[in-house]
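The residues making up each chain are set out below.
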Amino acid sequence: MSFTEATLSAYDFGPGDTERIHLIKGEWQIISDIAQSDLVLWFPTDYIVADGSSPDAVSGPSATSSFRAIAHVRPSNVRTLFHRDIIQREMDEGIRDEAYRVWIDQNISTYTDEGSGEGVGARPRVHVTFVPIVRNNRTIALLTSHKIATPNGYPSISDEVYEFAADTMLSMVHSGLWPDPLAQGNNTQGNPRVIDGIIVLDRSGRVVVASPNANSMYNRMGLTGYLEKRNLADVTRAMLPAGEQADETLQLVLAGRSDLRTELVIARARVTMRSIPLLSQKRARIEREGAVILCRDVTELRRRELELMTKDATIREIHHRVKNNLQTVSALLRLQSRRMTTDEARQGLEQAMRRVATIATVHEALSQGLTQNVDFDELIERQFHLAAELASPGQHVSTKLIGSFGSLPSQFATPLALVINEVVANAVEHGLDGETGTVTLEGIRGINDEGENILTVVITDDGKGMGDKKIEESGPNAYRPVTGKEGLGMQIVRTLVASELNGSIRWEANEPKGTRVVITAVLV
């Protein structure tokens, strides 16, 4: 829960009030950049909730209450007035009385803090605009805009236009006309910002002011001259390629009729655009004063996104082709094994076929996703049953899968699948030894004493068992030549567990009978 939510929920504010504050915080960077001012959200330090004993009683700050900052945004195009974090800091005494009056009266007010003169440590002269956030006829928070007062002189036309736009947007925040909760949302990369480019339209859709960035974007799309005094919709439509089917929202965006977003592709340039209508409420009527159009050149951004998508598609295609090649190798090994005249040669080729098929299964899973991670539960469910069947032709063996392995990186999934395949095959061939039985596979995720993520794999059978002896392999001891009756499969298991899984493997007796194999792997 954010500080804002905790503050509001402690009093008589509902979810709608909190959502209103979050909408404002999600959009107020636009106002901060247009006005070139810091915006601060305040809440009373002493808020009294009316108990309903009197019909005239209204919840609000006490007469002696100050105000505490609960949110703050700095302009991204000029230096800030607050170089230190002001969240939870109380309002200066010099403006506290005006803030209290605005909270009660629910009217926008402007106050000038004259500063502290000249010299070291002097404070500049600052214009402070108080905007009460009103919902359902009650004030739920106070927004202030802090801007350094410009020296006396004649402001430029662009300064006047931007100031008008910022003041109008603050009035829209006050009256609840903006941000619009029903506006089209878009969380993709490349959303336009004020610093990327801004165009201000009048009521007829004619450009009053366009920032240098905005003019440059249109120049790159083929416009000769500047946007000022031209109709933005007419200029843009004339630049569209012949026969180009424009986005259905384009006309609404270019005319500034609704809070919408769109993307233009003209002359190999890609530009995202967003329109924000400037509205004023006069008595019971809402009038349109113009619009703010934000634009951003995303040509390079989209090119990089396309490259990433192409690389993802290429990687998936490579995994798909590797899977097909491995399946071809597996099929060739199967054909070759059928031509063998000795049981030892046939079994060797069948084991090689099973190992190749296991690796192919991992590549098949990777070819179907956008990441290099594998849903190991889905993969091993098929592989587990297949390994038991291939190791026991004509033998009735039941398999049981419990627990969860979760998502694993590909470089971890391949050796783990091979290890499980070998241990399951060993359990069927030597543990059950031709008898009917059950092989159980369990995956357990956890964290060890060092804070590392670990995966514990337990494979059990109810066969003849290995007696009371216990064998554990890990680290350098796992790298040794094959000894005694140990086959190639167990050498593969020992080596993969120690080198690829960074873990250990232990063989021990299972209760009431059979063998239990515990593999502990460290996930990196």
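An unreviewed UniProt entry lists the protein chain under the name Signal transduction histidine kinase, with Rothia mucilaginosa given as the organism.

Caption draft 1: Layout of the nonpolar core. If you look at the biggest cluster of nonpolar residues, it comprises 53 residues, and the most contacted ones within it are Ile34, Leu41, Ile133 and Leu143. A per-element tally of this core places helix α4 (residues 157–175) first, with 8 residues. A domain split of this core shows at least three residues from each of domain 1 (3–154 + 163–175) and domain 2 (194–301). Here Ile34 is in contact with Tyr162, Ala165, Ala166, Met169, Val194, Ile198 and Val292, once residues within four sequence places are set aside. Phe376, Phe384, Phe412 and Ala417 belong to the second largest nonpolar core, which has 42 residues in total.

Caption draft 2: Structural detail: unusual backbone geometry. Omega for the peptide link from Trp178 to Pro179 comes to 0 degrees, which places this bond in the cis form. Following Glu511, the chain continues into Pro512 via a peptide bond in cis, with omega recorded as 5 degrees. With respect to the helices and strands, the residue Pro512 is situated in the loop between β19 (504–509) and β20 (515–522). Even without being glycine, Gln106 reaches a positive phi, approximately 60 degrees. Residue class for Gln106 comes out partly exposed when judged on its relative accessible area of 22%. Look at Asn136: it is not a glycine, yet its phi comes out positive at around 55 degrees. Counting through the fold element by element, Asn136 comes out in the loop between β6 (126–135) and β7 (138–148). On the basis of relative accessibility, which here comes to 59%, the residue Asn136 falls in the exposed class.

Caption draft 3: Representation of the side chain of Thr80 in the model. With respect to the helices, strands and loops of the structure, Thr80 is situated in the loop between β4 (67–73) and α3 (93–105). Judged by its relative accessible area of 11%, Thr80 falls in the buried class. Within the structure, the side chain of Thr80 is placed 2.6 Å from the side chain of Asp38, a separation counted as a polar contact.

Caption draft 4: Spotlight on helix α12 (residues 488–499). Taking 1.5 Å per residue as the helical rise, α12 with its 12 residues ought to reach 16 Å, and the 16 Å between its terminal C-alpha atoms agrees with that figure. Within α12, burial applies to Gly489, Met490, Val493, Arg494, Leu496, Val497 and Ala498.

Caption draft 5: Fine view of the packing of aromatic side chains. Scanning all chains against the criterion turns up 7 aromatic pairs. Between Phe43 and Trp103 the ring centres are 5.9 Å apart and the planes differ by 80 degrees, which places this aromatic pair in the edge-to-face class. Of the two residues, Phe43 sits in strand β1 (residues 38–44) while Trp103 sits in helix α3, which places them 60 residues apart along the sequence. Judged on exposure class, the residue Phe43 and its partner Trp103 are both buried.

Caption draft 6: View of the side chain of Ser145. Within the secondary structure layout, Ser145 lies in strand β7. At a separation of 2.9 Å, a polar atom in the side chain of Ser145 contacts the side chain of Ser37. The contacts of Ser145, once residues within four sequence positions are left out, are Ser37, Asp38, Leu39, His127, Val128, Thr129 and Leu170.

Calculation rules
Residues numbered from 1 in each chain as written. Predicted model: local features only at pLDDT ≥ 70, side-chain atom pairs only at ≥ 80, totals over all residues. Heavy atoms only, no water. Core = buried A, V, L, I, M, F, W, Y, C linked by side-chain atoms within 4.5 Å. Buried < 20%, exposed > 50% of the residue type's maximum accessible area, 1.4 Å probe, protein only. Helix = DSSP H or I, 4+ residues; strand = E, 2+ residues; numbered from the N terminus. Domains from an automatic or database assignment. Contact = heavy atoms within 4.5 Å. Polar contact = N/O pair within 3.5 Å; in protein donor to acceptor, adjacent residues only side chain to side chain. Expected span 1.5 Å × (residues − 1). Phe/Tyr/Trp six-rings, centres within 6.5 Å; stacked < 30°, edge-to-face > 60°.

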